[in-house]
Amino acid sequence: MATDLKRIALLGATGSIGRQALEIVDGHPDLEVVAFASGSQPLDELAAAYDVEHFQVGGDLTELLEASEPDLVLNAVVGFAGVGATLWALERGVTLALANKESLVAAGDLAIAAWKRGGGLLLPVDSEHSAVFQCLEGRARETVDSIVLTASGGPFRNRSRADLESVSVEEALAHPTWSMGPKITVDSATLANKGLELIEAHYLFGLTYERIEVVVHPSSVVHSVVRFRDGAAFAHLGYPDMRVPISYALTYPERRATAAPALDFTAGMTLEFEPPDLERFPLLELAREAGERGGTYPCAFNAANEVAVAAFLDERIGFLEIAPLVEDALAKVGGAPARDLPELVEADAGARRVAEGRLAAA
Ligand code: NAD
Ligand code: MG
């Protein structure tokens with residue numbers, strides 16, 4: 001067992017990923033939390049319990065990171081708010097365990113450039129991307145044919161379009177296989193989450209969009225698949241349990257034991273797959289288009305989606321109004337590439353203004 005302490009900055013400590021990460025930390029004395037951040041929940045009790053000196057509610061995450069000097073940043077913030085921390089870690093070659101997919105989607109080009117300069121590890125925490133990362137490990141890139149991201153299909157997989165008109169926030173928050181924060185849960189119901197993950201995969205694995213497929217797999221047991229050029233396909237299986245990819249990232253490359261149960265093949269398990277329905281769930285296709293257009297279109301997709309999801313959660317718009325709001329914003333913004341973080345922040349703000357404007361006019 002390694003004796004060196006791994007100093008972890010836990011951003012988004014009070015969330016679904018943050019709390020499960022603490023469960024992993026609790027099981028390993030050599031994992032030490034040195035910083036906590038949240039958006040609005042107080043952290044005094046948590047900081048006292050873990051004897052953490054550096055903690056911050058809201059504010060500039062890079063100041064916290066500068067002060068706490070972590071070896072690993074677990075970015076489990078929700079939304080674009082995580083972008084500064086992602087770029088900070090990648091630029092410095094500090095290991096980044098990334099749950100905050102929005103930052104990589106919005107800042108993809110800047111993030112990859114920073115990652116190359118920094119030369120550190122970028123370990124995906126998103127279950128599908130952790131699965132792909134593990135299937136790819138140790139294999140030459142030219143042997144890879146394509147990847148397949150699995151999607152549960154969310155709570156509305158079998159609802160008609162007419163039914164979707166009137167679904168409630170409560171119904172959207174009742175995810176069939178994963179228990180997660182409200183924003184990603186709504187994204188899973190619209191399939192925007194899989195759209196964000198498509199763009200996330202493009203940047204993480206350097207694959208063109210034609211080589212990334214999405215397939216609906218309701219039980220979420222197959223976390224993703226990599227197809228190789230000889231016809232072999234490698235899949236990563238397990239019960240849906242975020243502690244597995246979190247632990248993998250926090251203890252990489254050791255793959256330590258977790259409390260997750262082993263897969264049981266004796267209980268009549270069947271694995272089903274079907275193509276996604278892009279008519280009922282247009283955000284997946286809108287994300288693909290935004291990704292292919294590149295520049296700041298993925299940033300705008302993310303920004304407009306954040307505005308739309310917040311409006312849905314506030315019951316200002318219905319479920320079926322989320323996608324048109326994003327589509328409208330994408331049609332109105334320019335997608336010129338951002339040269340630096342201030343330009344990206346402006347692109348994000350611009351797309352939010354367009355989306356907010358449409359909300360106000362409705
Ligand atoms: P959550 O809503 O449960 O928690 C979000 C956390 O971020 C909270 O601690 C909140 O205080 C913090 N936060 C919000 N704004 C902040 C800000 N401005 N500065 C600092 N902290 C801020 O969300 P979650 O489900 O834990 O998801 C977190 C991220 O992980 C999201 O990007 C999500 O897409 C991704 N993710 C989550 C899961 C999951 O199972 N929950 C799976 C895959 C990916
Ligand atoms: Mg995922």
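Structure report, in brief. (Residues numbered from 1 in each chain as written. Chains lettered and ligands numbered in written order. Predicted model: local features only at pLDDT ≥ 70, side-chain atom pairs only at ≥ 80, totals over all residues. Heavy atoms only, no water.)

**Some remarks on a nonpolar patch on the surface**
No. 1: A cluster of nonpolar side chains, contributed by Leu237, Phe265, Leu271 and Phe273, occupies part of the molecular surface with about 370 Å² of accessible area.
No. 2: With respect to the element layout, leucine 271 can be found in the loop between α12 (243-251) and α13 (283-293). (Patch = residues over 30% accessible without salt bridge, like charges linked within 9 Å, V, L, I, M, F, W, Y side chains within 5 Å. Areas by Shrake-Rupley, 256 points an atom, 1.4 Å probe, with all protein chains shown as cover. Salt bridge = Lys/Arg side-chain N within 4 Å of Asp/Glu carboxyl O. Helix = DSSP H or I, 4+ residues; strand = E, 2+ residues; numbered from the N terminus.)

**Looking at the site of ligand 1**
No. 1: Not every one of the 23 residues close to ligand 1 is listed here, only the nearest: Thr14, Gly39, Gln41, Glu102 and Gly181.
No. 2: In this structure, a nitrogen atom belonging to ligand 1 sits 3.4 Å away from a main-chain N or O atom of serine 38.
No. 3: Between glutamine 41 and ligand 1, the recorded distance is 2.7 Å, taken from a side-chain N or O atom to an oxygen atom.
No. 4: In isolation ligand 1 has 830 Å² of accessible area, and contact with the protein removes 88% of it.
No. 5: Sorting the residues of the shell around ligand 1 by element identifies α1 (16-26), α5 (101-106) and α10 (182-190) as the ones contributing at least two each. (Near = heavy atom within 4 Å. Polar contact = N/O pair within 3.5 Å; in protein donor to acceptor, adjacent residues only side chain to side chain.)

**Focus on the nonpolar core**
No. 1: The biggest cluster of nonpolar side chains holds 118 residues, and the ones touching the most others in it are Leu11, Leu250 and Phe301.
No. 2: With 11 residues, helix α14 (residues 297-313) is the single largest residue contributor to this core. (Core = buried A, V, L, I, M, F, W, Y, C linked by side-chain atoms within 4.5 Å. Buried < 20%, exposed > 50% of the residue type's maximum accessible area, 1.4 Å probe, protein only.)

**Let's talk about the sheet that holds strand β3 (residues 54-57)**
No. 1: Taken in spatial order, the 6 strands make up an open sheet running β3-β2-β1-β4-β5-β6, and their pairing is parallel. The two strands at the open ends of the sheet, each matched to only one other strand, are β3 and β6 (122-124). Here the average twist between neighbouring strands, direction ignored, is 20 degrees. (Pairing = 2+ DSSP bridges. Axes fitted to C-alpha atoms, helices over the stretch in contact; angles between N-to-C directions.)

**A few points about a negative patch on the surface**
No. 1: Together, Glu210, Glu289, Glu292 and Glu327 make up a region of like negative charge exposed at the surface.
No. 2: Along the chain, the position of glutamate 210 falls in the loop between α11 (192-205) and β8 (212-216). (Lys, Arg positive; Asp, Glu negative; His and termini not counted. Charge placed at Lys NZ, Arg CZ, Asp CG, Glu CD.)

**Focus: the environment of valine 226**
No. 1: With respect to the helices and strands, valine 226 occurs in strand β9 (residues 222-228).
No. 2: Sequence separation between valine 226 and isoleucine 147 is 79 residues, and the spatial gap between their C-alpha atoms is 4.4 Å.
No. 3: Residues contacting valine 226, with those up to four places away along its chain left out, are Val132, Cys135, Leu136, Val144, Ser146, Ile147, Ala232, Ala233 and Phe234. (Contact = heavy atoms within 4.5 Å.)

**A few points about the pairing of strand β5 (residues 95-98)**
No. 1: Residues Thr95 and Ala97 of β5 are buried on one face, and the alternating residues Leu96 and Leu98, pointing to the opposite face, are buried as well.
No. 2: In this sheet, β5 lies alongside strand β4 (residues 72-75) in parallel orientation, the contact comprising 4 bridges. Its bridge partner being in β5, asparagine 75 is matched across the sheet by leucine 98.
No. 3: In this fold, the crossover linking β4 to β5 by way of helix α4 (residues 83-92) has right-handed handedness.
No. 4: Bridge analysis of β5 against β6 gives 3 bridges, and the strand direction is parallel. Note that in β6 the partner of alanine 97 across the bridge is leucine 123. (Right-handed = clockwise from strand over helix to strand, strands pointing away.)

**Re the pairing of strand β2 (residues 31-38)**
No. 1: Among the 8 residues that make up β2, 7 are buried, leaving the element largely enclosed by the rest of the structure.
No. 2: Bridging between strand β1 (residues 6-11) and β2 involves 6 bridges; their strand directions are parallel. Residue alanine 9 lies in a different strand from β2, and its bridge partner there is alanine 35.
No. 3: Viewed along the sheet, the connection from β1 through α1 into β2 turns out right-handed.
No. 4: The sheet contact formed by β2 and β3 spans 4 bridges and is parallel. Residue pairing in the sheet places alanine 35 in a bridge with histidine 54 of β3.

Read these as geometric descriptors, not functional statements.
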